[in-house]
Structure formats: C-alpha cells, structure tokens
Amino acid sequence: MNIIAWIILGLIAGAIAKAIYPGRQGGGILATMILGMVGAFVGGTLVTLLETGTLQFTAATLSIPGIIVAIIGAIVAIFLWGLFTGRTSY
C-alpha cells in the first residue's frame, strides 16, 4: 500500500510542480511521477533540516501538508535539474 501512496503522491506533486514552474519541461507520466517522488524526498529533507537542524533523509506523506512540501521539493528538483543539464526554461 505504501508504494501506491508514493505513486499517487508523485503523480500529484510532479504534475502540479510542472504546471507551476515556468517554461516547458519534457517527459511523460513516468517522468512526472519520478519528479514528484524526488520532490517528496527533497521537500521532506528540507523541512526536517529546518525543523530540527539535522540532515535526515525523510519523505513527505500523503496529506495536504505533505503534498505542498512535495510540490515545493519538486520545484527545487526541476530547478536543480535545469542547472545540472544546462537547460534554461523559456
């Protein structure tokens, strides 16, 4: 059941992050889910770092605050991927 929740969270967060982030990002539904799952890890880790001051690899949960954190993390992941690949979003 946990894997299904991760897929749903990834799909929701990745799709919303792609809609919010300016420019065009390629990739299909699988890339969107992976982006959302990476965003959940990035967002969960950033929130844990800000709350506790320690770096722990955690993920957001399938809840409204968890989805918001995953969306923010996915936006950060899109930005970092653009820096890494040298692509700009126009």
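In this report, we go over the structure that sits alongside the text. (Residues numbered from 1 in each chain as written. Predicted model: local features only at pLDDT ≥ 70, side-chain atom pairs only at ≥ 80, totals over all residues. Heavy atoms only, no water.)

So, the overall build of the protein chain
What counts is decided by this rule: A helix here means a DSSP run of H or I that spans at least four residues, while a strand means a run of E at least two residues long, and both kinds are numbered starting from the N terminus. Partly exposed describes any residue whose relative accessible area lies between the buried limit of under 20% and the exposed limit of over 50%, with all areas from a 1.4 Å probe on protein chains only and scaled to the type maximum. When checking whether two residues touch, look at their non-hydrogen atoms; a contact exists if any pair is within 4.5 Å. What sets the accessible areas is the Shrake-Rupley method with a 1.4 Å probe; for residues, cover comes only from the shown protein chains.
Helix and strand counts for the protein chain stand at three helices and zero strands. Listing the helices and strands of the protein chain from first to last along the sequence gives α-α-α. Looking at the protein chain as a whole, 33% of its 90 residues qualify as buried. Contacts in the protein chain between residues at least 24 apart in sequence constitute 59% of all its contacts with a sequence separation of at least 6. With the model as given, the accessible surface of the protein chain reaches about 5,800 Å², and the carbon-plus-sulfur share is 75%.

As for the packing of helix H2 (residues 29-52) against helix H3 (residues 64-85)
The criterion, for reference: Helix axes use the C-alpha atoms of the stretch in contact, all axes being lines fitted to C-alpha atoms, and the angles between their N-to-C directions lie in the range 0 to 180 degrees. Orientation labels follow simple angle bins: below 35 degrees gives roughly parallel, above 145 gives roughly antiparallel, 65 to 115 gives roughly perpendicular, and whatever is left gives oblique. In this count, Pro and Cys sit with the nonpolar residues alongside Ala, Val, Leu, Ile, Met, Phe, Trp and Tyr, while Asp, Glu, Lys and Arg are called charged and the others, Gly among them, polar.
Running from N to C, H2 and H3 point in directions that differ by 105°, and their axes come no closer than 6 Å. Relative to H3, H2 is oriented roughly perpendicular. Counting all contacts with H2, which are made through Leu35, Val38, Gly39, Ala40, Val42, Gly43, Gly44 and Val47, the residues of H3 involved are Val69, Ala70, Gly73, Ala74, Val76, Ala77 and Ile78. Grouping the constituent residues of the contact of H2 with H3 by class yields 11 nonpolar, four polar and no charged.

Looking at H2
Note that an α-helix has 3.6 residues per turn; residues three or four places apart therefore point the same way. Where we set the bar: Given a helix with a known number of residues, its expected span is that number minus one, times 1.5 Å.
Compared with the 34 Å implied by 1.5 Å per residue over 24 residues, the 34 Å span of H2 between its first and last C-alpha is a close match. Thr32, Met33, Leu35, Gly36, Gly39, Ala40, Gly43, Gly44, Thr45 and Thr48 are the residues of H2 that are buried. Looking one or two residues beyond H2, the residue adopting positive phi is glycine 53, at roughly 85°.

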